[in-house]
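# Fold and geometry: a report
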Amino acid sequence: MNQHSEEAFVCATIGVGSTKYQRMAELAAQSCRWATGLPTYVIGNDIYSKYPELQTPHFLKLHLFDELPHASTVLYFDSDALFLRKVSFAEFFDIPEFVCVRDRSNAWSLRDSANISVPLDQYFNSGFFIANRRHHKPLIEEARRLSHCLGEQYLFDQTVLNLARYTLRTPTKFLPREFNLVQFRDEDYSSRAVLAHFNGLCQRSIEEIEQKFAYWGPQHRTARWFRTLRKSTKETLISVKNYFSNQ
Ligand SMILES: [Mn+2]
């Protein structure tokens, strides 16, 4: 891996708009650097201003390889998401498969997948994916083409990436849901959880965002571990008790 360039495998998120959006993206990027050990970039206002034709900053996801010319594989993650534990993605470097996580978690996804006639078990959340320059150029190009001709897309890049992936039959590796826990709630935490995706976090104040990231950040890992252990011990005791009381 990384034979041809220092930074062949990189990570990226988008932080476009006010200071709040930039700060949120920087916090998300910090968690990614800590978790993956990979160079992690924030695609910011300076880059967005180069694409006046884009409807929303979401579509910068379709320009990652243009803006990261030294990257051959890019892990993209939303800036309202936080890595919860250290993880290696080395096995996904430069492979034919597009890597992502299914999304059947909410009404928007259900509606969007129905709109574009992509079966739910083929529909992914575009807040996390791994793509590479060598194999996924047709996918990105088709998504870009669709973004110009689909008109009002319901979920922006998610709609066009799903439609492009499904119609091109791009080989895909669907990872377990722990790799992108959409609409993460505190009770969804487990020691296997990799990426907590706090959809809609940008609507909160900057103080609330800082608090959320601090609470779930690496400095609270030990406390979280004990909390989970306590919870699972309690659940085990309850099931043992139920077992014996049913005898
Ligand atoms: Mn998101």
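Structure: above.
Now for a quick tour of the structure. This one's a predicted model, so the numbers in the text were calculated from it and none came from an experiment.

### Some words on the overall build of the chain
- Assigned secondary structure in the chain consists of 8 helices and 9 strands.
- The C-alpha radius of gyration computed for the chain amounts to 19 Å, which stays within 12% of the reference 18 Å derived for 247 residues, consistent with globular compactness.
- For the chain, the spread of C-alpha atoms along the three principal axes comes to 65 × 40 × 35 Å.
- Looking at the chain residue by residue over its 247 residues, the buried ones come to 47%.
- If you take every contact in the chain between residues at least 6 apart in sequence, the share linking residues at least 24 apart comes to 73%.
- Accessible area for the chain stands at about 12700 Å²; split by element, carbon and sulfur atoms hold 53% of it.

### Considering unusual backbone geometry
- Of note in the backbone geometry, Ser117 takes a positive phi value of approximately 55 degrees without being a glycine.
- Structurally, Ser117 can be placed in the loop between helix 4 (107–115) and strand 6 (124–132).
- The phi angle at Arg169 is positive, at roughly 55 degrees, despite the residue not being glycine.
- Mapped onto the elements, Arg169 comes out in the loop between helix 6 (157–168) and strand 7 (172–175).
- On the accessibility criterion, Arg169 (72% relative accessible area) is exposed.

### Remarks on the coordination of the manganese ion
- Every protein donor of the manganese ion is accounted for by Asp78 (OD), Asp80 (OD), Asp80 (OD) and His197 (NE2), and the metal-donor separations fall at 2.3 to 2.5 Å.
- Counting the intervening residues between successive donors of the manganese ion yields the motif D-x1-D-x116-H. Assigned by exposure class, Asp78 and Asp80 land together as buried.

### Structural notes on the packing of aromatic side chains
- Evaluation of the coordinates by the stated rule reveals 15 aromatic pairs.
- The interplanar angle of 70 degrees and the centroid separation of 6.1 Å between the aromatic rings of Phe89 and Phe179 together place this pair among those described as edge-to-face. Of this pair, Phe89 sits in the loop between strand 4 (81–83) and strand 5 (98–102) while Phe179 sits in the loop between strand 7 and strand 8 (181–182), and the two are 90 residues apart along the sequence. As far as burial versus exposure is concerned, Phe89 and Phe179 are alike and both buried.
- Clustering of aromatic rings is evident, with ring pairs tying together Phe184, Tyr189, Phe198, Phe213, Tyr215 and Trp216.

### Considerations on helix 6
- Between its terminal C-alpha atoms helix 6 stretches 16 Å, which fits the 16 Å expected from 12 residues at 1.5 Å a residue.
- Within helix 6, 9 of the 12 residues are buried, which leaves the element mostly enclosed by the surrounding structure.
- Just downstream of helix 6, Arg169 is the residue with a positive phi angle, here 55 degrees.

### Observations concerning the sheet that holds strand 5
- Read across the open sheet, the 6 strands follow the order 2-1-3-6-5-7; overall the sheet is mixed. The open sheet terminates on both sides in strands that have one partner only, identified here as strand 2 (40–43) and strand 7. Strand-to-strand twist in this sheet, taken as the mean axis angle between neighbours without regard to direction, amounts to 25 degrees.
- Pairing analysis gives 3 bridges linking strand 5 to strand 6, with the strands arranged antiparallel. Bridging across to strand 6, Val99 finds its partner in Ile130.
- Across the sheet, helix 6 lies against strand 5, strand 6 and strand 7, angled at about 60 degrees from strand 6, the strand it touches most.

### A few points about helix 1 (residues 19–36)
- With 18 residues, helix 1 should reach 26 Å at 1.5 Å per residue; the first-to-last C-alpha distance of 25 Å fits that figure.
- Among the residues of helix 1, those classed as buried are Met24, Ala25, Leu27, Ala28, Ala29, Ser31, Cys32, Ala35 and Thr36.
- Lining the buried residues of helix 1 we find strand 1 (9–14), strand 2, strand 3 (73–77), strand 4 and helix 7 (206–216).

### Concerning the state of the cysteines
- Going through the model one piece at a time under the given rule, you end up with 0 disulfides.
- The cysteine Cys11 is free of any disulfide, with Cys32 supplying the nearest cysteine sulfur at 3.6 Å.
- Owing to a relative accessible area of 0%, Cys11 belongs among the buried residues under this scheme.

### Describing the nonpolar core
- Counting 38 residues, the largest nonpolar core has Leu75, Phe83, Phe89 and Phe128 as the members making the most contacts within it.
- Those elements that place two or more of their residues in this core are strand 1, helix 1, strand 3, strand 4, strand 5, strand 6, strand 9 (195–197) and helix 7.
- Broken down by element, the residue count for this core peaks at 5 residues, all from helix 1.
- Among residues more than four places away in sequence, those in contact with Phe89 are Phe9, Thr36, Leu75, Phe83, Phe128, Ile130, Phe179 and Val194.
- Core analysis: the next-biggest nonpolar cluster, separate from the first, contains 34 residues, Leu62, Phe65, Leu139 and Leu146 among them.

Basis of the calculations
Residues numbered from 1 in each chain as written. Predicted model: local features only at pLDDT ≥ 70, side-chain atom pairs only at ≥ 80, totals over all residues. Heavy atoms only, no water. Helix = DSSP H or I, 4+ residues; strand = E, 2+ residues; numbered from the N terminus. Rg over C-alpha atoms; globule rule 2.2 N^0.38 Å. Buried < 20%, exposed > 50% of the residue type's maximum accessible area, 1.4 Å probe, protein only. Contact = heavy atoms within 4.5 Å. Areas by Shrake-Rupley, 256 points an atom, 1.4 Å probe, with all protein chains shown as cover. Donors = N, O, S within 2.8 Å, 3.2 Å for Na, K, Ca; no water. Phe/Tyr/Trp six-rings, centres within 6.5 Å; stacked < 30°, edge-to-face > 60°. Expected span 1.5 Å × (residues − 1). Pairing = 2+ DSSP bridges. Axes fitted to C-alpha atoms, helices over the stretch in contact; angles between N-to-C directions. Disulfide = S-S within 2.5 Å. Core = buried A, V, L, I, M, F, W, Y, C linked by side-chain atoms within 4.5 Å.

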